[in-house]
Amino acid sequence: MKVKKIILHITATKPDATVEEITKMHIARGFSTIGYHFLVDQSGNIIKGRDETIPGAHCFGHNSDSIGISYISRGSDTDSKSPFGKYMTEPQKTSYLILIAELINKYHLTVTDVYGHNFFNKGKACPCFQVDTELKKTIQSLLDTLQKSSQNPPELAEAVNGEDFDDDYIPYKAIPIS
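Let me begin by describing the structure that accompanies this report. (Residues numbered from 1 in each chain as written. Predicted model: local features only at pLDDT ≥ 70, side-chain atom pairs only at ≥ 80, totals over all residues. Heavy atoms only, no water.)

A few words on the packing of helix H2 (residues 90-106) against helix H4 (residues 133-148). A pair of packed helices is captured by two measures, namely the crossing angle of their axes and the spacing between those axes. In the contact formed by H2 and H4, the axes pass within 9 Å of each other and the chain directions differ by 65°. The angle between H2 and H4 places the two elements in the roughly perpendicular class. Taken as a pair, H2 and H4 cross one another with a handedness that is right-handed. Contact with H2, carried on its side by Leu97, Ile98, Ile100, Ala101, Ile104 and Asn105, involves Leu135, Thr138, Ile139, Leu142, Leu143 and Leu146 of H4 and no other residues of that element. Grouping the amino acids of the contact of H2 with H4 by side-chain chemistry returns 10 nonpolar, 2 polar and no charged. (Axes fitted to C-alpha atoms, helices over the stretch in contact; angles between N-to-C directions. Helix = DSSP H or I, 4+ residues; strand = E, 2+ residues; numbered from the N terminus. Parallel < 35°, antiparallel > 145°, perpendicular 65-115°, else oblique. Left-handed = near helix turned anticlockwise from the far one by under 90°. Contact = heavy atoms within 4.5 Å. Nonpolar A, V, L, I, M, F, W, Y, C, P; charged D, E, K, R; others polar.)

Let us now look at the packing of aromatic side chains. Scanning the entire structure with this criterion turns up 8 aromatic pairs. Pairing tyrosine 71 with tyrosine 96 gives two aromatic rings, centres 5.4 Å apart and planes at 80°, and the pair type is edge-to-face. Taken together, the residues span a long stretch of sequence, with tyrosine 71 in strand E4 (residues 66-71) and tyrosine 96 in helix H2 at a distance of 25 residues. Judged on exposure class, the residue tyrosine 71 and its partner tyrosine 96 are both buried. Judged by centre distance (5.0 Å) and plane angle (55°), the ring pair of tyrosine 115 and phenylalanine 120 falls under tilted. Phenylalanine 120 gets classed as partly exposed once you look at its relative accessible area, which sits at 25%. Pairwise contacts between aromatic rings join Tyr71, Phe84, Tyr96 and Phe129 into one cluster. In this structure, lysine 122 is placed above the aromatic ring of phenylalanine 119, and the distance from its NZ or CZ to the ring centre is 4.7 Å. Over the ring of tyrosine 115 we find lysine 136; its NZ or CZ atom is 5.6 Å from the centre of that ring. (Phe/Tyr/Trp six-rings, centres within 6.5 Å; stacked < 30°, edge-to-face > 60°. Buried < 20%, exposed > 50% of the residue type's maximum accessible area, 1.4 Å probe, protein only. Lys NZ or Arg CZ within 6 Å of the ring centre and 35° of its normal.)

Strand residues, when the strand is regular, have side chains that alternate between the two faces of the sheet. Counting buried residues along E4, 6 of its 6 residues qualify, which places the element largely inside the surrounding structure. Burial of E4 is two-sided: the residues Ser66, Gly68 and Ser70 facing one way and the residues Ile67, Ile69 and Tyr71 facing the other way are all buried. In this structure, strand E1 (residues 5-10) lies alongside E4, joined through 6 bridges in parallel fashion. Each bridged residue has a counterpart across the sheet, and for isoleucine 6 the counterpart in E4 is isoleucine 67. (Pairing = 2+ DSSP bridges.)

This is how it looks when you write it as structure tokens:
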């Protein structure tokens, strides 16, 4: 699968939904497994979903050339223009941004290749924010830090929200992105 874009989502589930529960919901909708390639839970853990080599089931008409990432939250069925992070915990917001940056680097993309689900389906609120210029500037700043820091995770976390993390909270070590 040639990845040309990253599409951002919200699960629109209860905030403590598990990957197993989301997978069951997707299978009940007729998918072979979970539709997303990655999820970020409320604690900021990055969880691998569908294998990246397999097209997703997350955005009709765009699954064959995209990676779908979602954060686990209820959000809103109508709020598509909130500021980034309104429906996220701080650890979730940090991990989501880091995951986006790492996937941009992995697939040799740019911030212009990042979209919200609502960009492709105007009837959707998902991901309950606009992937706008400000968010893309934040992601670009993180990418610049990633390049300067030679992928040093503590510096990345500091670049996202200006604070250091202790050894117990290193969300980007939850899964390898290789």
